[in-house]
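Structural overview
Given next are the chains, with one letter for each unit.
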Amino acid sequence: MFISEPTLDDLMHKVLTELINRPCNLISSRSSKLGPTSEMLGVMLHLQNPRYRLSRDEAKGTVFSALGELLWYLSKKNELEFITYYIKAYENESDDMKTVYGGYGPRIFNFRGKLNQIENVINLLTKKATSRKAVIQLFDAEDLAETHKEIPCTCTLQFFIREDRLHMFTSMRSNDAYRGLPHDIFAFTMIQEIMARSLNIEIGEYHHAVGSLHLYEKDKNKAEEYINAGFQPTTFPMPEMPVGQPWEAIQILLDIEYDLRNGRPIDIPLQERLTPYWADFARLLQAYSIFKKNKLKEDNINQLNAIKKSLSADVYKTYITKRKK
Ligand SMILES: O=c1ccn([C@H]2C[C@H](O)[C@@H](COP(=O)(O)O)O2)c(=O)[nH]1
């Protein structure tokens, strides 16, 4: 099945409608907790504008977990403590309660303890723009030879420069349409834009191929609610990443993330450290650190309102309002 839409919400709507209407009878390794699934095999999703990567579903708070997961990948590590701060369910994915074996960070930046795949792809495309070899490998044949609680669902991330734009093609062996899909599309299209900026070209379109795209029985009602809430496609795209190398800003953001996660406030004004585009992410992390305190006292609400006001892109404001309820 091939589905091509302009925004993530349009894709989610089509995919979930199809899965809700299919029989929910496939028992998988996760069925004891999440129930059986309905399934589509061999699905090809096409997101025409990767900057429409925020789902309306994000109003429930997914923007924070999606950003947290992206930064976890960019941290180049697979520490459990980092990701459970944003997505508690990762606790069930760890073999040793310290790391996540299948975490993408080390695989992207230090595959088999030696390969920085981002650097290799950038070098390749800088030398040979039309290459069809610009592939980052995440799933490793070794993953099947051992027993782990979790192995990568993503097989490869491939990049193409065509007509001076960077297109991306992701291949996933398995994808949870309700929980996993919006997170994966957010992270991978952000990586696409980071790569486009690193190569000093514009972002192109995003393709997402999935072996098994499924919906767990436990999520069926929530998926129905999402669809019945009255479908409105996302009205605003995310802003454009500033032109120029993004890596210095990413490192500053990672340092800020570390401090906030460890209970330290931001001491230097954000505008002195980051451009408005990147400072907005720091503000979202700051808002999340307040939500995490779980006590929305007046003082915190005032702080949230101040954060909301200081956001430079309106598209993020809704997530701070909605989350407060
Ligand atoms: O990036 C990811 C990682 C995991 N999953 C989901 C897909 C499956 O529902 C589950 C993994 O189960 P197995 O395919 O490994 O059985 O997690 C995703 O959707 N995206």
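Just so we're clear, the structure is a prediction, and the values are computed from it rather than from any experiment.

This paragraph deals with the nonpolar core. As a rule of thumb, nonpolar side chains are buried together in soluble globular proteins. Of all hydrophobic cores here, the largest spans 97 residues; its most connected members are Leu 16, Phe 159, Leu 166, Phe 188, Trp 278, Phe 281 and Tyr 316. Top element by residues in this core is helix α11 (residues 276-293). It accounts for 11 residues. For this core, the domains that each give at least three residues are domain 1 (2-229) and domain 2 (246-323). With residues near it in sequence (within four places) discarded, Phe 188 still touches Tyr 104, Thr 154, Leu 157, Met 168, Thr 170, Met 172 and Tyr 206.

The next subject is the domain arrangement of the chain. Split by domain assignment, the chain resolves into domain 1 (2-229) and domain 2 (246-323). The distance between the C-alpha centroids of domain 1 and domain 2 comes to 24 Å. Tallying the contact residues gives 23 residues for domain 1 and 22 residues for domain 2. For the pair domain 1 and domain 2, the two sides together bury roughly 2200 Å², of which 75% comes from carbon and sulfur. Broken down residue by residue, the surface that domain 1 buries against domain 2 is led by Phe 64, Leu 67 and Tyr 85, which jointly contribute 33%. There are 0 salt bridges connecting domain 1 and domain 2. Residue assignment for the side of domain 1 that touches domain 2 shows that the elements contributing at least two residues are α3 (62-74), α4 (80-84) and α7 (180-198). Taken together, the residues of the side of domain 1 that touches domain 2 break down into 14 nonpolar, 4 polar and 5 charged.

This next bit is on a positive patch on the surface. A cluster of basic side chains, namely Lys 128, Arg 132, Lys 133 and Arg 162, defines a positive patch on the protein surface. With respect to the helices and strands, Arg 162 occurs in strand β4 (residues 154-162). Taking the relative accessible area as the measure of exposure, Arg 162 reaches 32% and is therefore partly exposed.

Paired through backbone hydrogen bonds, the strands of a sheet run either parallel or antiparallel to each other. With mixed pairing, 6 strands are arranged side by side in an open sheet as β1-β2-β6-β5-β4-β3. If you trace the sheet from one side to the other, it starts and ends with β1 (2-5) and β3 (135-137), each paired once. On average, each strand axis in the sheet is tilted by 20° relative to the strand beside it, whichever way the strands run. The sheet contact formed by β3 and β4 spans 3 bridges and is antiparallel. Within β4, the position partnered with Val 135 by the bridge is Gln 158. Sitting on the sheet, α7 touches β2 (37-47), β4, β5 (165-176) and β6 (202-216), and the angle it makes with β6 is about 160°.

What follows deals with the packing of α3 against α7. α7 packs onto α3 with a crossing angle of 50° between their chain directions and a minimal axis gap of 9 Å. In terms of their interaxial angle, α3 and α7 are classed as oblique. Of the two elements, α3 crosses α7, and the hand of that crossing is right-handed. On α7, the residues touching Thr 62, Ser 65, Ala 66, Leu 67, Glu 69, Leu 70, Tyr 73 and Leu 74 of α3 are His 183, Asp 184, Phe 186, Ala 187, Met 190, Ile 191 and Ile 194. Residues belonging to the contact of α3 with α7 are distributed by class as follows: 10 nonpolar, 3 polar and 2 charged.

In this description, a pair of aromatic rings is defined by centroid distance and the angle of the planes. In the structure shown here, the tally under the stated rule is 15 aromatic pairs. Ring plane angle 85° and centroid distance 4.8 Å describe the contact between Tyr 85 and Tyr 86, whose orientation is recorded as edge-to-face. On the accessibility criterion, Tyr 85 (14% relative accessible area) is buried. Residue Tyr 86 is classed as buried on the basis of its relative accessible area of 8%. Clustering of aromatic rings is evident, with ring pairs tying together Phe 64, Phe 82, Tyr 85, Tyr 86, Tyr 288 and Phe 291. The ring of Phe 82 carries the charged tip of Arg 261 above its face, separated from the ring centre by 4.1 Å.

Conventions adopted
- Residues numbered from 1 in each chain as written.
- Predicted model: local features only at pLDDT ≥ 70, side-chain atom pairs only at ≥ 80, totals over all residues.
- Heavy atoms only, no water.
- Core = buried A, V, L, I, M, F, W, Y, C linked by side-chain atoms within 4.5 Å.
- Buried < 20%, exposed > 50% of the residue type's maximum accessible area, 1.4 Å probe, protein only.
- Helix = DSSP H or I, 4+ residues; strand = E, 2+ residues; numbered from the N terminus.
- Domains from an automatic or database assignment.
- Contact = heavy atoms within 4.5 Å.
- Buried area = accessible area lost by both parts, 1.4 Å probe.
- Salt bridge = Lys/Arg side-chain N within 4 Å of Asp/Glu carboxyl O.
- Nonpolar A, V, L, I, M, F, W, Y, C, P; charged D, E, K, R; others polar.
- Patch = residues over 30% accessible without salt bridge, like charges linked within 9 Å, V, L, I, M, F, W, Y side chains within 5 Å.
- Areas by Shrake-Rupley, 256 points an atom, 1.4 Å probe, with all protein chains shown as cover.
- Lys, Arg positive; Asp, Glu negative; His and termini not counted.
- Charge placed at Lys NZ, Arg CZ, Asp CG, Glu CD.
- Pairing = 2+ DSSP bridges.
- Axes fitted to C-alpha atoms, helices over the stretch in contact; angles between N-to-C directions.
- Parallel < 35°, antiparallel > 145°, perpendicular 65-115°, else oblique.
- Left-handed = near helix turned anticlockwise from the far one by under 90°.
- Phe/Tyr/Trp six-rings, centres within 6.5 Å; stacked < 30°, edge-to-face > 60°.
- Lys NZ or Arg CZ within 6 Å of the ring centre and 35° of its normal.

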